[in-house]
Amino acid sequence: MTVLRGLCASPGRAPGRAFFLPDFQMTVPQVSLTESEIDSQISRFDDAVLKSKEQITLLIENSDLSQEHKEIFESHLMQLQDPMIVDETKKLIRERRINSEWAFSLCVDSIKEKLQKLNNEIFRERAADLEDVANRILSNLIPVAEGDVRVAYLRSLPSDAILIAREIGPSLMLHIRTPISGIATQDGGITGHMAILARSRGIPALVGVTGLLASLKNQDDILLDAVQGILTIHPDELQAAEFYKQEKKGQSLSDLPVILKSKETISLWINADDESYAAAGNYEGVGLFRTEFLYMKYPDLAGNTEKETEIYSNILRSYSGKTVTFRLLDLGGDKLPMALAANLGQAMKEGYRGIRLLLHEKQILGSQLRAILRAAARTGTQPCRCRIMLPLVSFREEIEEYKKYYLNILKEIPDAPEVPTGIMLETPASCLMADVFSGCVDFFSLGTNDLAQFTLGLDRAGQDDSIYFQPALFRMIDAVLRKASVPVSICGEIASRTDLTRLLIGLGLRELSMSSIFLGPVAEIIRHSTLSECELQAREVLQAADADCVRKILERRS
Ligand code: PEP
Ligand code: MG
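Not measured: the values here are computed from a predicted model.

A. View of the pattern of salt bridges. This model, assessed by the stated rule, comprises 28 salt bridges. A salt bridge links Asp160 to Arg17; its shortest N-O distance comes to 2.7 Å. Pair noted here: Asp160 is in the loop between helix H7 (149–155) and strand S4 (161–165) and Arg17 is in strand S3 (residues 13–20), with a separation of 143 residues, a long-range link. Exposure remark for Arg17: the relative accessible area of 25% places this residue in the partly exposed category. The partner of Glu275 in a salt bridge is Lys297, and the shortest N-O contact between them spans 3.2 Å. Of the two residues, Glu275 sits in the loop between strand S10 (265–272) and strand S11 (285–290) while Lys297 sits in helix H12 (residues 292–297), which places them 22 residues apart along the sequence. Accessibility assignment for this pair places Glu275 and Lys297 in one class, buried. Taken together, the salt bridges that share partners define one network made up of Arg201, Asp273, Asp274, Glu275 and Lys297.

Set out below in structure tokens:
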């Protein structure tokens, strides 16, 4: 029996078997062509080569690669012009009448075989480089979701699987279809997007589990305890029995309204990201719908306004009677859909993110706005209310430029209702300007995941829960609540922390938005608290000098 420790990214306990996420590998579709299909396959191949060249050039120009590494990528560019690859692939497409990815991989396999037979270190290295270039071209030819073997693997995991990986990108998370028992990763932090997605799907997850990959084998029996932060490998019988006893305790559900003992109502909302299901349970509406995950799930969504309209319409219908807040695409960091990566790399390098990036890439913004407004027109303002929220706003100019653009698009859409506009407050700049920005928008939502990063100077990927106790973050929230004259909600992960519920209410927040699994526990705390005790806690925290003081204040009443 071995016991490992990690950070609780999504709460829950589960017994199960270890399933290791396989390495990235493409499966190549094999299709025989008719005469008339040959030319279009050749131009698909030309496009993929061109796109690969652009990606490598961007990488060389914009990254901080050493000279030695730059030379490696320059050699990749040369390989993309090599007639042994390019002309030979086209010849195979024509002569054998096969699709471009099949022809290309046959061609690459035969060159690799020849290089390896030469039994010389330099040629062996060249074969490895060729593999890298080949993967790039293949990923530009095959929609990644379909070609990546990990996707098929994730879709077929059994229900007792506990998925084990060094790290799981958010785009892969979206392909977990069956309810699995849990996730454990060696790297990653609790505010990373893998953790957020695990929470919104109710999958127990541990991140930052030291020694995970070296200690486990595929199919090992494990107990995942993402309440205490423990992973047990090959548990003994006694331990397993104790574990099952704990597991049965379960969680309470929330009924509406959620009212403090002193009778004030607190409004609970959910964060969502997937159009396929509306979370069960009682809540006021969707306080944050992260639309970028739809783009990761459907690589063909960019520019496909009709498909996007259909998806937003389905979402509005499935949350019938509630308000849904669509946050416009928040691209950057670990949220960059493959389909947009090549075009947006340069803009991100220049420091554009969130709304600034969308204003720089108006065709993406326009397409998404049209889809949301058409969906709102199609489904009507009743029974569902739709709101739009801008990500990562910092400057007033960004809001004004957006609004001008929005009004123009609005004119194009017959019957489009006026949709309330809000902004995320997730930079210190926007928090400090909350009084001014109140005159520009209808509502604010505090995005404390990013706000903590920018306020405290911490990298979001490596965050553990020590950030939740820094008084500076609460002073920032307090500043917002004093300045704002429009409703302020909070949708960062701290809204789901039961140890912070009273503090957030005491600071003045009345709307909390969180993954649906936390609704019950948060409602329970609210029902057992009075406003005056929440306010006392907030006053004390605002006077605290450091995280230790904050912890002690919170522990006094938990
Ligand atoms: C946040 O930053 O707090 C937030 C809710 O947005 P995201 O986690 O998607 O960056
Ligand atoms: Mg954010």
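Read on for the rest.
B. Representation of the pairing of S3 within the structure. Two elements, S3 and strand S7 (residues 221–225), share five bridges in a ladder whose sense is antiparallel. Paired with Pro15 across the strands is Leu223, a residue of S7. Sheet analysis places S3 next to S4, joined by four bridges and oriented parallel. Residue pairing in the sheet places Phe20 in a bridge with Ile164 of S4.

C. Here's a closer look at the side chain of Ser100. Inspection of the secondary structure assignment puts Ser100 in helix H4 (residues 100–117). The residues touching Ser100, leaving out its near neighbours within four places in the chain, are Gln41, Arg44, Phe45, Thr89, Ile93 and Leu141.

D. Highlighting the coordination of the magnesium ion (ligand 2). In this structure, Glu426 (OE) and Asp450 (OD) serve as the protein donors to the magnesium ion (ligand 2), at separations of 2.0 to 2.2 Å. Of this pair, Glu426 sits in the loop between strand S14 (421–425) and helix H18 (428–432) while Asp450 sits in helix H20 (residues 448–456), and the two are 24 residues apart along the sequence. Under the relative-accessibility criterion, Glu426 is labelled buried at 2%.

E. Structural view of the confidence of the model for the chain. Averaged over the chain, the pLDDT score is 87; the fraction of residues at 70 or greater is 91%. Segment residues 248–253 is flagged for pLDDT under 50; beyond a separation of four residues in sequence, or across chains, it makes five contacts in the model.

F. A nonpolar patch on the surface, seen in detail. A cluster of nonpolar side chains, contributed by Leu432, Met433 and Val436, occupies part of the molecular surface with about 230 Å² of accessible area. Within the element layout of this structure, Leu432 appears in helix H18. Under the relative-accessibility criterion, Leu432 is labelled partly exposed at 47%.

G. Layout of the sheet that holds S4. Taken together, the eight strands give an open sheet; going across it, the order is S1-S8-S7-S3-S4-S5-S6-S2, and neighbouring strands pair in mixed fashion. Where the open sheet ends on each side, the last strands, each with one partner, are strand S1 (2–5) and strand S2 (7–10). Taking each pair of neighbouring strands and ignoring which way they run, the sheet shows an average axis angle of 30°. The sheet contact formed by strand S5 (residues 182–185) and strand S6 (residues 205–207) spans two bridges and is parallel. By the bridge assignment, Ala184 is partnered in S6 with Leu206. Taken strand by strand, helix H9 (residues 193–201) contacts S2, S5 and S6, and its axis lies near 55° from that of S2.

H. Focus on the packing of H20 against helix H21 (residues 471–483). Between H20 and H21, whose axes approach to 10 Å, the crossing angle comes to 115°. Considering how the two elements wind past one another, H20 and H21 form a crossing that is right-handed. Between H20 and H21, the contacting residues are Thr448, Leu451, Ala452, Thr455 and Leu456 on the first element and Ala472, Leu473, Met476 and Ile477 on the second. Within the contact of H20 with H21, the residues separate by chemical class into seven nonpolar, two polar and no charged.

About the cut-offs
Residues numbered from 1 in each chain as written. Chains lettered and ligands numbered in written order. Predicted model: local features only at pLDDT ≥ 70, side-chain atom pairs only at ≥ 80, totals over all residues. Heavy atoms only, no water. Salt bridge = Lys/Arg side-chain N within 4 Å of Asp/Glu carboxyl O. Helix = DSSP H or I, 4+ residues; strand = E, 2+ residues; numbered from the N terminus. Buried < 20%, exposed > 50% of the residue type's maximum accessible area, 1.4 Å probe, protein only. Pairing = 2+ DSSP bridges. Contact = heavy atoms within 4.5 Å. Donors = N, O, S within 2.8 Å, 3.2 Å for Na, K, Ca; no water. pLDDT = per-residue confidence, 0-100. Patch = residues over 30% accessible without salt bridge, like charges linked within 9 Å, V, L, I, M, F, W, Y side chains within 5 Å. Areas by Shrake-Rupley, 256 points an atom, 1.4 Å probe, with all protein chains shown as cover. Axes fitted to C-alpha atoms, helices over the stretch in contact; angles between N-to-C directions. Left-handed = near helix turned anticlockwise from the far one by under 90°. Nonpolar A, V, L, I, M, F, W, Y, C, P; charged D, E, K, R; others polar.

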